[in-house]
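The chain contents come next:
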Amino acid sequence: QVQLVESGGGLVQPGGSLRLSCAASGNIFSDSHMGWYRQAPGKQRDMVAGITGSGSTNYAGSVTGRFNITRDYAKNTVYLQMNSLKPDDTAVYYCVSARAGETFWGQGTQVTVSS
């Protein structure tokens, strides 16, 4: 069992930056895939960024060049650095962990980009 707790969300102006954190606890495996998804009202939950146990990353086209996902194995924490934020980035951001057919989700953190 893995527990994920997101933090770092909030209100930011367009063009600003925000750093999300996902702290993992429980049955942690270093080879798990970690990622961030987001969901805006009335829209599906989409992948934003992912990172494998070996450090390989993937990004949605809409965030490539603006967002960066990293992981700190010592702290069992995954981060999402979000730069040049746009109003369209407004959503609830969810951390996810996947390994061996099991998927675990955090409860989400709200990110609002507005003037």
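Once a new chain begins, its residue numbering starts again from 1 and follows that chain's sequence as written. The model is predicted, so local features are restricted to residues of pLDDT at least 70 and side-chain atom pairs to those at 80 or more, both for listing and for counting; the totals for chains, interfaces and linings are taken over all residues. The side-chain values count all of the structure's non-hydrogen atoms but skip hydrogen atoms and water molecules.

**Some thoughts on the overall build of the protein**
Right, so step 1: Counting secondary structure elements, the protein contains zero helices and 11 strands.
Right, so step 2: Its helices and strands taken in sequence order, the protein reads β-β-β-β-β-β-β-β-β-β-β from the N to the C terminus.
Right, so step 3: On C-alpha atoms alone, the protein measures out to a radius of gyration of 13 Å, which is about the 13 Å that the 2.2 N^0.38 rule sets for 115 residues.
Right, so step 4: Counting only C-alpha atoms, the protein reaches 40 × 25 × 20 Å along its principal axes.
Right, so step 5: Any pair of residues with heavy atoms lying within 4.5 Å of one another is described as a contacting pair. In the protein, the share of contacts with a sequence separation of at least 24, taken over all contacts with a separation of at least 6, comes to 52%.
Right, so step 6: His is not counted here, nor are the chain ends, while Lys and Arg score as positive and Asp and Glu score as negative. Taken as the charge centre is NZ of Lys, CZ of Arg, CG of Asp or CD of Glu, depending on the residue. Within the protein, one finds 9 positive and 7 negative side-chain charges whose respective centroids are separated by 4 Å. Helix and strand definitions here come from DSSP, where helices need a minimum of 4 consecutive H or I residues and strands a minimum of 2 consecutive E residues; each element is numbered from the N-terminal end. This radius of gyration counts C-alpha atoms alone. The globule rule is 2.2 Å times how many residues there are, raised to the power 0.38.

**Overview of unusual backbone geometry**
Right, so step 1: Although it is not a glycine, Asn 76 adopts a positive phi angle of roughly 50°.
Right, so step 2: Following the sequence through the fold, Asn 76 ends up in the loop between strand S7 (67-72) and strand S8 (77-82).
Right, so step 3: Buried residues are those whose accessible area, probed at 1.4 Å on protein chains only, stays under 20% of the maximum for their type, while exposed residues exceed 50% and partly exposed ones sit between those limits. Residue Asn 76 is classed as partly exposed on the basis of its relative accessible area of 32%.

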